[in-house]
Amino acid sequence: MPGWLARRGADPYAHLVRVGVLTGGGDCPGLNAVIRAIVRQGERIHGDEIIGFLDAWDGVRARKTMPLTVETMRGTLPKGGTVLGTKRGSPFDTESGVEEVAGTIADLGLDAIIVIGGNGSLTVAHALHEQHGMPIIGVPKTIDNDIVGTDVTFGFHTAVQIATDAIDRLHTTAESHDRVMVVEVMGRHSGWIATYAGIAGGATMVLIPEIPFDIEEVCRRLSRRHERNRFASIVVVAEGAEPVPGSLDMHDRTYDRFGHVLLGGISDVIAREIAARTGFETRVVMLGHVQRGGTPTAYDRVLCTRFGVAAINLVHEHGWGQMVVARGGEIVPAPLALAVGRSKPVDPALYDVAQVFFA
Ligand code: F6P
């Protein structure tokens, strides 16, 4: 029996009522909608007490909490960001981190922790469950839509809508000046946002990390399009897009303190090359964190609400080590292990559809 469990005494799950919730990693629209649904279903249907941890794992370790009730969550459904705050980082970063988490679970008398997070947070959740037997359940979040095991993550469709609205606006100014617009979207090492927003926004080309691009070919296609008297092109580029090795001089990579490569800025390199090789006037638009801000779409609000209700129900089924996922229209449990160390690439069939409309 793990140490933290022994401290709770015999039969720790006899009265399953205290549930901790945290939001980890980058924020995204819909986090509050998930928390609200957990609280509503937990408090009203199961009679649970829900405790929120502030600033992700830092809050668990330092016992920085806030009560989460139907009353405190009122009005938060359309609110972007997270009422709990969030941070990157993990209890495994320091020697005493895991022991501190175990101490918090024991001392606060928690029966479960629900981790709402992306690849990094779900990997930590999996390790705490697998290696230390902690009663953890995950909810997959990220605008990047790159978590394996779920058809979709919440926040993704909102980010796509924001990017699409931006591309719609860029068409008219690009056409007025007969310019090439290079629009950079987020997504880390996956091209889901780029592909969806490219199709929805009628992009001339979409460059994604899954398929290295040849800048010469990009320029050839743009020139051909202009020769056919079609002016103004929108090139959507995912921040993690990569050129065919050796074909383009990229700036040196920098890394954050967790060893993740810092993305952002590839659009500048691409725009410079397009202007130099084609002579077309070219401008850059980096959408950046705008894609993570503001209110979730109706689709995401519904998905978040379904995820939240399913997550607290899974707590009552003792579904430790699992996350709630969307599969074929259903919300079902799946092992957290699926999300560890992998990321879901863009469906090639979807990218083929985007390509139909390329220059
Ligand atoms: O994972 C979500 C995401 O928005 C990525 O698309 C992006 O690369 C990264 O987070 C940005 O991180 P930060 O908010 O730390 O700059």
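Everything discussed here concerns the structure shown above.
Residues numbered from 1 in each chain as written. Predicted model: local features only at pLDDT ≥ 70, side-chain atom pairs only at ≥ 80, totals over all residues. Heavy atoms only, no water.

Draft legend 1. Representation of the overall build of the chain in the model. What the chain contains, in helices and strands, is eleven helices and eleven strands. Relative to the 2.2 N^0.38 estimate, which gives 21 Å for 359 residues, the radius of gyration of the chain is 22 Å and therefore close to what a compact globule would have. Judged by the C-alpha coordinates and their principal axes, the chain covers about 75 × 40 × 30 Å. Counting the 359 residues in the chain, one finds 54% classified as buried. Considering only residue pairs separated by 6 or more positions, the chain has 76% of its internal contacts joining residues 24 or more positions apart. If you sum the accessible surface of the chain, you get close to 14,900 Å²; carbon and sulfur atoms cover 52% of it. When the 34 basic and 41 acidic side-chain charges of the chain are each reduced to a single mean position, those positions are 4 Å apart. (Helix = DSSP H or I, 4+ residues; strand = E, 2+ residues; numbered from the N terminus. Rg over C-alpha atoms; globule rule 2.2 N^0.38 Å. Buried < 20%, exposed > 50% of the residue type's maximum accessible area, 1.4 Å probe, protein only. Contact = heavy atoms within 4.5 Å. Areas by Shrake-Rupley, 256 points an atom, 1.4 Å probe, with all protein chains shown as cover. Lys, Arg positive; Asp, Glu negative; His and termini not counted. Charge placed at Lys NZ, Arg CZ, Asp CG, Glu CD.)

Draft legend 2. View of the packing of helix α7 (residues 192-201) against helix α11 (residues 348-355). Contact pair α7 / α11: the axes reach a minimum separation of 9 Å and the direction vectors enclose 35 degrees. Crossing hand, α7 versus α11: left-handed. Residues W192, T195, Y196 and I199 of α7 touch α11, and the partners they reach there are L350, Y351, V353 and A354. For the contact of α7 with α11, a count of residues per class yields seven nonpolar, one polar and no charged. (Axes fitted to C-alpha atoms, helices over the stretch in contact; angles between N-to-C directions. Left-handed = near helix turned anticlockwise from the far one by under 90°. Nonpolar A, V, L, I, M, F, W, Y, C, P; charged D, E, K, R; others polar.)

Draft legend 3. Molecular detail of the site of the ligand. Looking at the ligand, the residues that line it are R88, T142, I143, D144, M186, G187, R188, E239, H289 and R292. A distance of 2.9 Å separates an oxygen atom of the ligand from a polar atom in the side chain of R88. A distance of 2.7 Å separates an oxygen atom of the ligand from a polar side-chain atom of D144. Within the complex, 74% of the 400 Å² of free accessible area of the ligand lies under protein. (Near = heavy atom within 4 Å. Polar contact = N/O pair within 3.5 Å; in protein donor to acceptor, adjacent residues only side chain to side chain.)

Draft legend 4. Structural view of the pattern of salt bridges. Evaluation of the coordinates by the stated rule reveals 13 salt bridges. The shortest N-O distance in the salt bridge between K87 and D58 comes to 3.1 Å. Taken as a pair, K87 in the loop between β3 (65-68) and α4 (97-107) and D58 in helix α3 (residues 57-62) lie far apart in primary sequence, 29 residues in all. Through salt bridges with shared partners, a single network forms among R179, E281 and R283. (Salt bridge = Lys/Arg side-chain N within 4 Å of Asp/Glu carboxyl O.)

Draft legend 5. Region of interest: α11. Taken as a whole, α11 has its buried residues at L350, Y351 and A354. Seen end-on, α11 carries its buried residues on one side only, within an arc spanning 100 degrees. Close packing links the buried residues of α11 with α7 and β7 (205-207). Its side-chain oxygen 3.0 Å from the backbone nitrogen of A349, D347 forms the N-cap of α11. (Arc of directions from axis to C-beta.)

Draft legend 6. Summary view of the nonpolar core. Within the largest apolar cluster, 83 residues are counted, with the highest numbers of intra-cluster contacts made by I114, I116 and F154. If you look at the next biggest cluster of nonpolar residues, it comprises 25 residues, including A102, V115, V325 and L336. (Core = buried A, V, L, I, M, F, W, Y, C linked by side-chain atoms within 4.5 Å.)

Draft legend 7. Structural view of the sheet that holds strand β9 (residues 282-286). Taken in spatial order, the four strands of this open sheet run β7-β8-β6-β9, and their pairing is parallel. Edge positions in the sheet fall to β7 and β9, since each has one partner strand and no second. Across the sheet, the axes of successive neighbouring strands diverge by a mean angle of 20 degrees, strand direction being ignored. By the bridge criterion, five bridges tie strand β6 (residues 180-185) to β9 in an arrangement that is parallel. Note that in β9 the partner of V180 across the bridge is T282. (Pairing = 2+ DSSP bridges.)

Draft legend 8. A look at the side chain of N32. Following the sequence through the fold, N32 ends up in helix α2 (residues 31-46). Contacts of N32, omitting those with residues within four sequence positions, involve M73, T76, K79, G80, G81, T82 and V83.

Draft legend 9. Representation of the sheet that holds strand β4 (residues 112-117) within the structure. Sheet architecture is open: seven strands sit in the order β3-β2-β1-β4-β5-β10-β11, paired in mixed fashion. Looking along the sheet, the strands with just one partner apiece sit at the ends: β3 and β11 (330-335). Adjacent strand axes in the sheet meet at a mean angle of 30 degrees, parallel and antiparallel pairs treated alike. In terms of strand pairing, β4 meets strand β5 (residues 136-140) through five bridges, oriented parallel. Paired with I114 across the two strands is I137, which belongs to β5.

Draft legend 10. Summary view of the packing of helix α6 (residues 156-177) against α7. Two elements in contact, α6 and α7, have axes separated by 8 Å at closest approach and are oriented at 45 degrees. Judged by the angle between their axes, α6 and α7 are oblique. For the element pair α6 and α7, the recorded crossing hand is right-handed. Contacts from F156, H157, A159, V160, A163, T164, I167, D168 and H171 of α6 reach α7 at W192, I193, Y196, A197, A200 and G201. (Parallel < 35°, antiparallel > 145°, perpendicular 65-115°, else oblique.)

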